[in-house]
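Chain and residue survey
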Amino acid sequence: MNIDILTSDQVAQLSHLISDAQNIIITCHKSPDGDAIGSSLGWADYLHSLGKEPTIIVPDQYPDFLQWLPNTEKIVRYDKHPEKCDLLFKIADLVFCLDYNATSRVDEMEQALVSARAPKVLIDHHLDPSVPAALTISFPELSSTCELVFRIVWQLGGFQQLNKQFAIPIYCGMMTDTGGFLYNSTRSEIYFIIGELLTKHIDKDKIYRNVYHNYSENRIRLMGFVLYEKLVYMADYHAAYYTLTREELQRFHFIKGDAEGLVNIPQQIKGLKLSISLREDTEKGNIIWVSLRSVDDFPCNQMAEEFFNGGGHLNASGGRLNCSMEEAIEIVRKAIIAYENKLK
């Protein structure tokens, strides 16, 4: 199966940039998820096979359920070591931007990234890329940035020499960005890639357990609380939403990653087309994090852009509101009513 995605000119340019670079940085977006961390680790492993020693710099904390991935101990957090990271950006001669389409998505790290003189290479699957890059590799139709990284490594002829250090994070990122291959995963190429990753003797069942069966008791109780007390089901619109306030999160001893996947659960309701999560930021006032999930052709990304200052993919998107929870609820209900024709 032909899974090549780069033109011959892009292959030559990417190979040249890597060959000439000595101080390479790999970056991803704020609040890194499985795809951001997986693609960064996988790409770093490929560069290591070429004799390079890249540094992965992430803006801030990533979930506990990803910290078992190989080589995570080498990741540097910008929020913990800003001076060290600023120096690394200054001396870098190549910067990879993985799994984000705009520099604003790296948050406090943006100034260091933008001011870095090194050429940048964007590898991403989100719509409307705006990162100023010497080379932009953008395919919004693909499942994940991890899928992109696999295809690039495959096309560059690097896959055969790699092992499970590469295959595990790549599979993990593809799995998490498709909700366990439940959405955005109907193309045959995805399963060809999975088959190839399995040749590296990864245990895909264990990867699933490490991610989805690796929560604390508090997370399980939080899930029950959301489903029993907080879920609002708008049956006439085939939609549901729930809210989580800062006080409620504190009650369940919330840590980063505990809300991961909760927004998918209401989709088990028969006929549901849209699920929305509203979560108050645990530190900053009047910031509401919004997650949207849908099925079939309902455009989460359009709703996220129009109502929630966000965007994303057709069936999985996110956004952010700067308001109270009461105001956020009104915006959600207004959005659902506005999209009535697509929901009913």
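Everything below is about the structure printed above this text.
Summary of the structure given here.

What counts, and at which threshold
- The numbering scheme is per chain: residues are counted from 1 as the chain's sequence reads.
- Since the coordinates come from a predicted model, pLDDT governs what is reported: local features require at least 70, and pairs of side-chain atoms require 80 or more to be given and counted, while whole-chain, interface and lining totals use all residues.
- Working from all heavy atoms in the structure, the side-chain values ignore hydrogens and water.
- Numbering of helices and strands runs from the N terminus, with a helix taken as a DSSP run of H or I at least four residues long and a strand as a DSSP run of E at least two residues long.
- Based on C-alpha atoms, the radius of gyration is set beside the globule rule, defined as 2.2 Å times the residue count to the power 0.38.
- Burial classes follow relative accessibility: with a 1.4 Å probe on protein chains only, a residue under 20% of its type's maximum area counts as buried, one over 50% as exposed, and anything between as partly exposed.
- Each Phe, Tyr or Trp ring (for Trp, its six-membered ring) is paired with any other whose centre lies within 6.5 Å, and the angle between the two planes then decides the class: stacked below 30 degrees, edge-to-face above 60, tilted in between.

**Here's the deal with the overall build of the protein**
Each helix and strand in the protein was counted, giving 13 helices and twelve strands. Relative to a compact globule of 344 residues, whose C-alpha radius of gyration would be 20 Å, the protein shows 20 Å and is just as compact. The dimensions of the protein, computed from C-alpha atoms along their principal axes, are 55 × 45 × 40 Å. Burial statistics for the protein: of 344 residues in total, 53% are counted as buried.

**Observations regarding the packing of aromatic side chains**
Scanning the model with the defined rule gives 15 aromatic pairs in all. Aromatic pair W154 and F159: ring centres 5.7 Å apart, planes at 40°, arrangement tilted. Seen in terms of ring centroids, F159 and F166 are 6.2 Å apart; in terms of plane orientation they differ by 70°. Their pairing is edge-to-face. Taking the relative accessible area as the measure of exposure, F159 reaches 2% and is therefore buried.

**Things to note about unusual backbone geometry**
Even without a glycine there, the phi angle at D99 is positive, about 70°. Within the element layout of this structure, D99 appears in the loop between β4 (94-98) and α4 (110-115). When its relative accessible area of 1% is taken as the criterion, D99 is described as buried. Even without being glycine, H201 reaches a positive phi, approximately 65°.

Geometric descriptors of this kind do not, in isolation, establish any biological role.
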